[in-house]
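# Structural characterization, general
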Amino acid sequence: MFSKLFHKVNLSPRHLDAERRGVTSADLDPRVVLHYGIPSTASILAVDPIQGLLAVGTLDGRIKVIGGDNIECLLIYPNPVPFKNLEFLRNQGFLASVSNENEVQVWDLERRCLASNFQWESNITAFSVIYGTQYMYVGDEYGSLFVLKFNPQEGKLLHQPYHIPANAVAEVAGISVPIHHCIVGVLPQPCSLGNRMLIAYENGLLIVWDASQDSVVCVRGYKDLHVNNKTVVNSPNDMRHELSNDTSDNTSAEKDISSLCWASANGSILAVGYVDGDIILWKLSTDISAKDQPGKSSDNVVKLQLSSGSRRLPVIMLYWSEGRPSNDCGGHLFIYGGDAIGSEEVLTILSLDWSSGIENLKCVGRLDLTLNGSFADMILLPKSGVPGSRESTSLFLLTSPGQLHVYDDACLSALMSEHERKSHAPAVQYPVVMPTVEPCMTVGKLSFVHGHGKARAFCETAMVSKLRLGQTPAMGSRKWPLTGGLPCKLSSAVDNGLERMFIAGYEDGSVRIWDATNPTLSHVFVLESEVKGIEVAGVGASVSALDFCSLNLSLAVGNECGLICLYRLLGSSEDTNLHIVTKTEHEVRNLHQKNEPQCTALFSLLNSPIRHLQFLISGARLVVGFECGQVAAIDTSSLSVLFQTNCIAGTSSPLISLAVKTYSDCPYLVSRPKDSGFESSNDTGNGIISCLTKDAHIVVIDSATGSMISSQLTHPEESTAISLYIFESSTSISSVSGEKHTLISPRNSEAKNEPAKSLEIEPDTPVRARYSEQMGLHVLLCCEDALYLNSLKSVILGDNDSIQKIGLKKPCRWTTTLKKDEKECGLVLLYQSGDIGIRSLPELEMVGEYSLMSIVRWNLKANMDKEISSSDSGQLILVNGCEIAFISLLASENDFRIPDSLPCLHNKALAEDADAAAGFSPNQKRKQDTTLGILGGIIKGFSGGKMEHNVDLPEAQKTDLSHLDGIFSRVLFSDPSTFASDSQEVVELSIDDIELDGPLIVESSSSKSKAGKRDKETEREKLLEGANTDAKPKMRTPAEIMAKYRFAGDASAAAAHARDRLVERQEKLERISERSEELRNGAENFASMAQELAKRMENRKWWNI
C-alpha cells in the first residue's frame, strides 16, 4: 500500500527545479480578504440613509463601509493619504471622496473598487454632491466654483463646462472689492428645484446663486449688520436655558467661517459657525421667482454664543435635526466648538424655537455631551432612512482612536430633560463583530471542519446557537440602526454548512467561536472561563494557547496559570461528567450541561503558562508545552496524563516553540527495519517532539514515552531564537542552490570555530536510531537575525554544522510556514520593521518582500506578534487595536470563495423601490438621477471639509430636475462683457454658443424660405457683430477689453481658461459631428423607406388606394 511513496520517477531537470523551489514569486499575491473593526486612524464619516450604509474615512487612505448583519468592507486607496471629504452618491451604489492630494475619487460599492479618479490642479476647499444626482460641486482656493459629473455607464468623472469665477460673482453681486478668498462651503438650497446654491467664502461672505438665471439672489455677511447677540446661559436657580439679548453692530470686520449647515427644511435659515466662536443664524430668501429684498438687518440675523468668555474655540462643526413636524421653526442644533478656551471637550446640543420669528429665537434646552476620547466627526441618520424625515434620528459620534458611539433621540431627549447640564450619556459603542480590545484578544486560530459523521449534527447545533446570539449586534433594548447590504446566499450545492471556524481566546479567560465559512463572519459559540459550581485554581486567567481537532470536534484551551480545559463542541446529554485532574488527584463530577459545547476535563498540572497545545492521533492525544520547559502528554480518551517531563536541563530560558513529527506524517518512517525494536502495529501516532527555548536550546523527546532522545545548545551566542520547524524534503538540500549563504552577523567567524556545547543525553534508543537514519527530515531554526537549516539526523547526533546559514538583514519577530498539497513550501518572516519576507523551502531563497503598510496600512506595534495566527493555506490573521485583518498570501488561495460569497453593498431592489416612491420613471433615472433639496450640510475645518445633505422628499424627489443637464453643460460667462458696468452690448457668436441638448424644431420649407429672407441680414449682422462688409474694425475701450479678457495680471489663470475653452470647443465639435451623423443616418432611413413605399404603391390599382 505504500509502494507509491517509494516509487521513483525519472523527472526532467525542469520538473526537478519546480519541485525543489517550493513557493515562487508567481504564487504570491498578498491582499486583505477580510477586515473587521473601525480603524484607529478614522477621521471622517458619511452616510447613505436610504441604503443604510455608513462610510468611515481614515488618515491613511482607507475607507471602511459598514452595513447591517455583520457586513463590512474595506476600500484601500493606493496612496496612504487622508481624506478631507467623503460623501455617498445616495441610493446609487457609489461613494465620492477627496484626498489631501486634491484628487476626486468615485468608488463602486458593488464591485468594491475605485471606479474613477480626477486630479484637480488647485487646492479643493469645498465639495458637495447634489442629492440624487451624479453632479458634484467643487470649490477651490481661488474662490471659483466648478461642477463635476460622474457617468456610471462609462465609469468616468467628467469636468462640466459650468464655471463660476469669483470676480464674476463679485461683479454681479455689486461688490466693489474683488473676492480673493477661498470657498469654504457650497450647499444646494432646498426647495429651489435645483437652481440655487449657497456659496460661502472664507471671509464670511455668503451668496445665494441662481444657476438658472445666472444671478445673485441675496448677499449676507459682507456689509455691516446690526445683529441680536444671544448668549446661551444657564440660570443657577432653575437651570433654565436663557438668551441674553444685546444689539450691537460688531460685524464690521470680516469674520472667517469655519462651519455651516441649513437649519430649516425649506432653506430659509442658515446656521454659520465662525472662527471666533460665534454662531449666526441667517434668514435667507426662499422665493424662487424673486430676489431677496432685505429689510431691517436685525430681523434677518441672530447671533448665538455658547460662552460669555472673550476667548472661545472655533465652531468646528454644525449639524441640524428637525423638530416637530407641525412647523419648520425649530429643532436641535448640534455644535462642536464655540465654548471657552480651556473648557472640557463636549458636544453641545441646543433645542431652538423661533415660532415667533427669528428675531425672537428661544433656547428651550441645552445638553453638553461629554466625549469618550478626542472628537473626530459626527453625522445624523434618520430612523426611517428617509433624509429630511422628522422622525427619530441616530447620532453617530466618532472619537479617536477609532471609537464609534451611537445615540438615539430617546436617549438624548432623556438627558436633555434632566437638570444636569453636562452629562455622560450611556453611549453605545459600535458593536464590533470580533472584539479585540474589550476584552483583549490574546490568541486566535483559523481551523477547518472536515466532513464526517458528526459534521452535520455539529452544523445544526451551530446554526441554532447562531440564531440565538443573533446576526445583528444588539444595543441593549435598541437595535443597531444600520441595515445596509445583502448577505450572499450561496446555492445549496456550494454551501456545505460550517466549513471553517475562527477561534479566539481572550484575556478574561473566555473563548469565542465564529463561523468563517463565508467572508461575513457570524458568532457561533461563547465559552465562558468559569464552569458553574466548580472552583479550580487558575480559572479566569488569560488564554495563552489553544488547538482544535476537527475529527472529534475537540477543543483544548490553555491559560497563563497552567490550566488546561478540554471542550467537546458537540455535546451529549448522556455524558455530562467533568474530570478534574491534578498532580495527585483525579476527580469526577456530574454536571447538568446542555447539548452545546461541554467542558469535559480540567487539567492543573503545573503553575506555569502554557505556550503550546497540539492534538495527535486524530485527537486521541494532546501534547502540552509549558513555559518552564516541561512537556506533558494527555490521553483525551481516558482523560489521564501519559507522561510529564522534567525541566530542560542546563538552561533556565523559557520554552517558546514546540514541533511534533509523528510516524504517520513521515512516509520515510513507514517501512521500519525489523530490528528497530517496535513490535506494535498501532504506533503511527508515535514520533518525536522537538522543544526550543529562547536561548536556542533544542531538546528532542519521544512522543510516546517522554524520554529524552537528544539535547544540545545550538549557536548560543548568535541571537534570540523564535521558532522551530520540522519538514520533509525528497531532495538533497546541499545540491539545491549554488548560492553560498553566510551569516551577516560579525560573530559568525567566532561561532564557527567554537565547538558545540552538547548536554548529556540518554543512551541510544530505537527511536533515536530510527530517526537518525532518515535523510528526508530537516530542522529549521529561526532566530532574530539568522536562519539555520539542519538535518534531523545531525540534531539528534549533536552535530552543530548547518546545511545552510542565512543571515537576515533585518531583525525578525515572528515566523510561520506555507503549505501546498499538504507539504511545507515556504517560510514567512515578519520583521520588526513591519515588512513581510517570504522564502521558499527547502532552499530558503527569498521570493518576495512586502510591508504591512502597503497591504493593510499598519505599522508593527509592540506585542502584535503575540496575537498573530496563521493557516496552512497561506492566511495571516493579525490584530491591531480594534482592527482584525485576514491577509491571504498565496494567489491560488480562495477559501472564502471571493467574490461569489461577498455580501452585496448596494441593494438594487431597495433603490428601485425608493425611486418608484419618489416618482422617478426609468427614463428619468437613466437620463439624470436628479433629485434635490438639501436639509442639512456641514463643513469641517477652516479651509475645506465635507458636506452632508438631507433632502425633503415630498418637494424634491417628485420633481423632474433633468434641466440641470442643460444648466451645467453650458459655458457660463462665455461673454464676460455681459457683466460690464456700461450699457453697451458686445455680442460674439462662436461654437460655444451652440446648444446641442435643446429640442430639435423642424420647420416647413415655405416657412423656412420666408424666414430665411427676413433673417438673412440679421444672421449676417450677428456673425459680423453688427457690421457690414464695408465697416471698419470696432475700437474698444480698455475697460471693455478688461471685461472681455479678465485675466490681466494672472497668466496662469488665462492659460488655464484658454485650455478649458479648447477642451470645451473640442467636445462640442465632437457632439456636432455625432448629431450630424445621426441626422444623416435618419435621412438615409427615411429615403429607403420612401423608396420602398413607392414600389409598393406602383403595384396597387387605383381602387385599392
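As the structure is a prediction and not an experimental result, all values here were calculated from the model. (Residues numbered from 1 in each chain as written. Predicted model: local features only at pLDDT ≥ 70, side-chain atom pairs only at ≥ 80, totals over all residues. Heavy atoms only, no water.)

### Looking at the overall build of the chain
How we decide: Under the scheme used here, helices are H or I runs from DSSP no shorter than 4 residues and strands are E runs no shorter than 2 residues, and both carry numbers assigned from the N terminus. Under the scheme applied here, a residue whose accessible area is under 20% of the maximum for its type counts as buried, over 50% as exposed, and between as partly exposed, the area being computed with a 1.4 Å probe on protein chains only. In this analysis, two residues are considered to be in contact whenever any of their non-hydrogen atoms come within 4.5 Å of each other. All accessibility values rest on the Shrake-Rupley procedure with a 1.4 Å probe; residue burial counts only the protein chains present in the view.
Scanning the chain for helices and strands turns up 16 helices and 64 strands. The 1105 residues of the chain split such that 54% are buried. Residue pairs at least 24 apart in sequence account for 60% of intrachain contacts in the chain once pairs closer than 6 positions are excluded. With an accessible surface of roughly 49300 Å², the chain has 50% of that area assigned to carbon and sulfur atoms.

### Regarding a negative patch on the surface
This is how it is decided: Put simply, a patch holds well-exposed residues, over 30% relative accessible area, that have no salt bridge, with like charges counted together within 9 Å and Val, Leu, Ile, Met, Phe, Trp or Tyr side chains within 5 Å. For this document, the term salt bridge refers to a Lys or Arg side-chain nitrogen within 4 Å of an Asp or Glu carboxyl oxygen. Residues counted as positive are Lys and Arg, residues counted as negative are Asp and Glu, and His and the chain ends are not counted. Charge positions come from single atoms, namely NZ of Lys, CZ of Arg, CG of Asp or CD of Glu.
A surface patch of negative charge is lined by Glu507, Asp508, Glu528, Glu530 and Glu535. Tracing the sequence through the fold places Asp508 in the loop between strand S36 (500-506) and strand S37 (511-515).

### As for the sheet that holds strand S12 (residues 145-151)
This is how the line gets drawn: Pairing between strands requires that DSSP locate at least two bridges from one strand to the other. Where helices are involved, their axes are fitted lines through C-alpha atoms of the stretch in contact, as for all axes, and angles between N-to-C directions lie from 0 to 180°.
Within the open sheet, the four strands sit side by side as S10-S11-S12-S13. Their pairing is antiparallel. Of all strands in the sheet, those bounded by a partner on one side alone are strand S10 (124-129) and strand S13 (156-164). Across the sheet, the mean angle separating the axes of adjacent strands is 25 degrees when strand polarity is ignored. Where S10 lies against strand S11 (residues 135-140), five bridges are found, and the strand directions are antiparallel. In the strand pairing of S11, Phe127 is matched with Val138.

### Describing helix H4 (residues 409-417)
Along an α-helix, a turn takes 3.6 residues, which lines up residues three or four apart on a common side. For the record, the criterion: What the arc measures is the spread of directions leading from the helix axis to the C-beta atoms.
By the burial criterion, the buried members of H4 are Cys411, Leu412, Leu415 and Met416. Buried residues in H4, looked at end-on, bunch into an arc of 130 degrees, giving them a common side. Residues of H4 that are exposed and point over 90 degrees away from its buried face: Ala410 and Ser417.

### What about the nonpolar core?
For clarity, the threshold we go by: Nine residue types can take part in a nonpolar core, namely buried Ala, Val, Leu, Ile, Met, Phe, Trp, Tyr and Cys, and a core is a set of them joined through side-chain atoms within 4.5 Å.
By size, the foremost hydrophobic cluster in this structure holds 36 residues, and its most contacted members are Leu54, Met378, Phe396 and Leu404. Per-element accounting of this core gives the leading share, six residues, to strand S28 (residues 374-382). Listed in part, the 32 residues of the second largest apolar core include Val443, Ile503, Val531 and Ile580.

### Here's the deal with the side chain of Asp339
Topologically, Asp339 is positioned in the loop between strand S25 (330-337) and strand S26 (346-353). For Asp339, the contacting residues outside a window of four places in its chain are Leu306, Ser307, Arg312, Leu313, Val346 and Arg366.

### Some points on the packing of aromatic side chains
Cut-off, in case you're wondering: Aromatic rings from Phe, Tyr and Trp, taking only the six-membered ring of Trp, are treated as a pair when their centres fall within 6.5 Å; an angle between ring planes under 30 degrees marks them as stacked, one over 60 as edge-to-face, and anything in between as tilted. Charges are assigned to positions over rings by a cutoff of 6 Å between ring centre and Lys NZ or Arg CZ, combined with an angular limit of 35 degrees from the ring normal.
Tallied over the entire structure, the rule returns 14 aromatic pairs. Ring plane angle 35 degrees and centroid distance 5.6 Å describe the contact between Trp320 and Trp354, whose orientation is recorded as tilted. Separated by 34 residues along the polypeptide, Trp320 in strand S24 (residues 315-322) and Trp354 in the loop between S26 and strand S27 (362-370) bring together distant segments of the chain. An aromatic cluster of three or more residues is present, and its members are Tyr135, Tyr137, Tyr162 and Phe968. Here the basic side chain of Arg500 rests over the ring of Phe896, its NZ or CZ set 4.9 Å away from the ring centre.

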